[in-house]
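Chain residues, written in single-letter form:
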Amino acid sequence: MLTVLAFAPIALLLVLCLTWTVRAAVFVTAGVTAGLLFVLGGSGSGFAASLIVAGAGTVTILFIVVGAILLYAVMQQTGLFDELKQSLDRIHPDRQVRFFFLALFLTAFFESVAGFGTPGVVVPLLLVGMGFSPVLSVVAVLLFNGLFAVSGAIGTPVTVGLEGPLGLDGGAVSRVYFVAGVGVAMASVAVFAFVSRAVRRETDQAIPRQAWAMLGVIMVGYAVFAPFLQELTGIAAAGVLAVFGFGFVFTDRRVPARPWVPYGVLVVLLLLPKIVPPMAEWIGVALAWRDVFGTEADAVLRPLRTPLVPFLAAAGVALLMAGTWRVDVRPVLSKAAAVGLILFPSLAITQFMLAGDDEGQSMVTRIADVFAATGPAYPLLAPYLGVLGAFMTGSTTVSNVIFGPVQHDAAVTLGYDAPTILGVQLAGASLGNAVCLFNVIAAAAVVGLSDYQPILRSTIVPTVVAAGLVAAVGYVLLWL
């Protein structure tokens, strides 16, 4: 009975999000989950600590949303965004080709460099600027983001989520990347098919062969590079696609650089901490409340580690280029406030599910125990545990931190190769970024959408199918 109750918040949230409104769903589910926390033996201190940690998480996500919306507002108000759209029109006459190139290349690049759901708050705006609908633009980027979060933020999901906590050696890490890389490469076929279908419906035109060619180039590269380049896999694969696009896709290679300067500044500032170790240490300074109210929960703010400062700097460069420092920030603040109101209860649901009772059992650990008890079927279900972790927490890394030990222990107990099981966990957690409410809400807010349901409806089925393909890959690799 307790196990059934542990699954209740997830089931309730999904049903209400798909049949009601996302806004109402998160508030209702947050209330129900808070009640279940006490029913399952949670304490008042655990409840209060969950609210504090959820508040810190909300602020962190708002840093990203505010920065992205501000940069877009500045680019629009200075006319640079119109110049940028005109420059995009020159690279190829077919806007579908432009759509797939930018969606694949920029999503892979920004996810691999920055993480934090950065592609969702940057790339859809460019696609909308080319004339595609906000819903399609967000859905495409979120689904593609799920393919590249394996090596997101220069390998953080593996180094922080698996390698460090589990003490994996170099061979095991290489195997994890290999399995995850091949898994998402196979899953990309299903994801791309769903996105292509949506694009075809909106444009009423057949998908050009160049689009599938670009998918093949970047995903074959991703699978080949993964076990060798590891944390640099996404950047290398994006680079291969850029070279392919420039050499074989673009019909006009003389793209004006001026409107891209602010985004160039953004990229440089996102990359600097990754290649200059002292800077990474400096920006890692945290405001932390450890063991909140005597629990094991930590509320941590690292404002300099988020993309906020790079976004602000890029906006400053855009204003400098336009010769003005005047910008209307009212739409930025109003959108951020609306996002914050729905993000907080969403994050609270996750924290309530993570809060343990006196014996350390939580709703999350009970769910993990159910998966681990499935015996021979476990390898086929393992990717879905990763998806579930990302759906709940909004992070590939946190999904790995929570469920990585469970997956490892279950593999050892059941006699399966542990790195292979961890590889499908990593791939599933990556795919889960497409259905994570935090990513959906943030991306929708930046493009001006307040109805999140069409996005979630469009990403759930492709994610489930893609995770099934990852499961099949993992199952085959286990027996080779």
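So, here's what we can say about the structure. In this text the structure is predicted, and so the values were computed from the model without any measurement.

Here we take up the overall build of the protein chain. Counting its secondary structure elements, the protein chain contains 21 helices and two strands. The C-alpha atoms of the protein chain give 21 Å as radius of gyration, which agrees with the globular expectation for 480 residues (23 Å, within 12%). Viewed in the frame of its principal axes, the protein chain has a C-alpha envelope of about 65 × 50 × 50 Å. Relative to its full complement of 480 residues, the protein chain shows a buried share of 55%. Contacts in the protein chain between residues far apart in sequence, at least 24 positions, make up 78% of those at least 6 positions apart. Carbon and sulfur atoms form 67% of the exposed surface of the protein chain, whose accessible area is close to 18300 Å². Between the centroid of the 22 positive side chains of the protein chain and the centroid of its 23 negative side chains there is a distance of 14 Å.

Given a rise of 1.5 Å per residue, 19 residues ought to cover 27 Å, and the 26 Å separating the end C-alpha atoms of helix 5 (residues 95-113) matches this to within 8%. Counted residue by residue, helix 5 has 18 buried out of 19 residues, so it is predominantly covered. Where helix 5 begins, the capping side chain belongs to Asp94, and its oxygen is found 2.8 Å from the backbone nitrogen of Gln96. Looking one or two residues past helix 5, Gly115 carries a phi angle of roughly 65°, positive in sign.

Moving on, we get to the state of the cysteines. One pass over the full model with this rule turns up zero disulfides. For the unlinked cysteine Cys17, the closest cysteine sulfur is that of Cys436, found at 11 Å. Residue class for Cys436 comes out buried when judged on its relative accessible area of 0%.

What follows covers a nonpolar patch on the surface. A cluster of nonpolar side chains, Trp282, Val285, Leu304 and Val309, forms an exposed patch at the surface whose accessible area comes to about 390 Å². Summarising the element assignment, Val309 is placed in helix 14 (residues 308-322).

Turning to empty space enclosed by the protein, a few remarks are in order. According to the stated counting rule, one finds two cavities of 30 Å³ or more in the structure shown. Considered as a void within the structure, the largest cavity measures approximately 90 Å³ in volume. Along the walls of the largest cavity sit Pro9, Ile10, Leu13, Ser346, Ile349, Thr350, Met353, Phe391, Met392, Leu437 and Phe438, which together make up its complete lining. Secondary-structure elements contributing two or more residues to the lining of the largest cavity are helix 1 (2-19), helix 15 (330-354), helix 17 (378-393) and helix 20 (437-446). Per element, the largest residue contribution to the lining of the largest cavity is four residues, and it comes from helix 15.

Here we come to the pattern of salt bridges. Applying the stated criterion across every chain yields a total of six salt bridges. Among the salt bridges present, the one from Lys85 reaches Asp82, with a minimum N-O distance of 3.5 Å. In this pair, Lys85 and Asp82 are both assigned in helix 4 (residues 80-91), three residues apart and thus about one turn of the helix distant. Residue Lys85 is classed as partly exposed on the basis of its relative accessible area of 26%. Between Arg290 and Asp298 there is a salt bridge, with the nearest N and O atoms lying 3.6 Å from each other.

Before going further, it helps to examine the layout of surface pockets. Of the volumes computed, that of the second largest pocket is approximately 450 Å³. Lining the second largest pocket are 19 residues; nearest its centre among them are Phe101, Leu102, Phe105, Leu106 and Trp260. For the lining of the second largest pocket, the element with the most residues is helix 5, which contributes six residues. Its residues assigned to classes, the lining of the second largest pocket shows 17 nonpolar, two polar and no charged.

Turning next to unusual backbone geometry. Of note in the backbone geometry, Asp204 takes a positive phi value of approximately 55° without being a glycine. Structurally, Asp204 can be placed in the loop between helix 9 (170-203) and helix 10 (209-229). In the Ramachandran plot, Gln230 falls in the positive-phi region, its phi being about 55° despite a non-glycine side chain. With respect to the secondary-structure elements, Gln230 resides in the loop between helix 10 and helix 11 (233-249).

Thresholds applied
Residues numbered from 1 in each chain as written. Predicted model: local features only at pLDDT ≥ 70, side-chain atom pairs only at ≥ 80, totals over all residues. Heavy atoms only, no water. Helix = DSSP H or I, 4+ residues; strand = E, 2+ residues; numbered from the N terminus. Rg over C-alpha atoms; globule rule 2.2 N^0.38 Å. Buried < 20%, exposed > 50% of the residue type's maximum accessible area, 1.4 Å probe, protein only. Contact = heavy atoms within 4.5 Å. Areas by Shrake-Rupley, 256 points an atom, 1.4 Å probe, with all protein chains shown as cover. Lys, Arg positive; Asp, Glu negative; His and termini not counted. Charge placed at Lys NZ, Arg CZ, Asp CG, Glu CD. Expected span 1.5 Å × (residues − 1). Polar contact = N/O pair within 3.5 Å; in protein donor to acceptor, adjacent residues only side chain to side chain. Disulfide = S-S within 2.5 Å. Patch = residues over 30% accessible without salt bridge, like charges linked within 9 Å, V, L, I, M, F, W, Y side chains within 5 Å. Salt bridge = Lys/Arg side-chain N within 4 Å of Asp/Glu carboxyl O. 1 Å grid on protein atoms, 1.4 Å probe; cavity = no way out; pocket = protein on both sides within 12 Å on 5 of 7 lines; lining within 4 Å. Points joined across faces, edges and corners; volume = space filled by probe spheres on them. Nonpolar A, V, L, I, M, F, W, Y, C, P; charged D, E, K, R; others polar.

None of this, on its own, says anything about what the molecule does.
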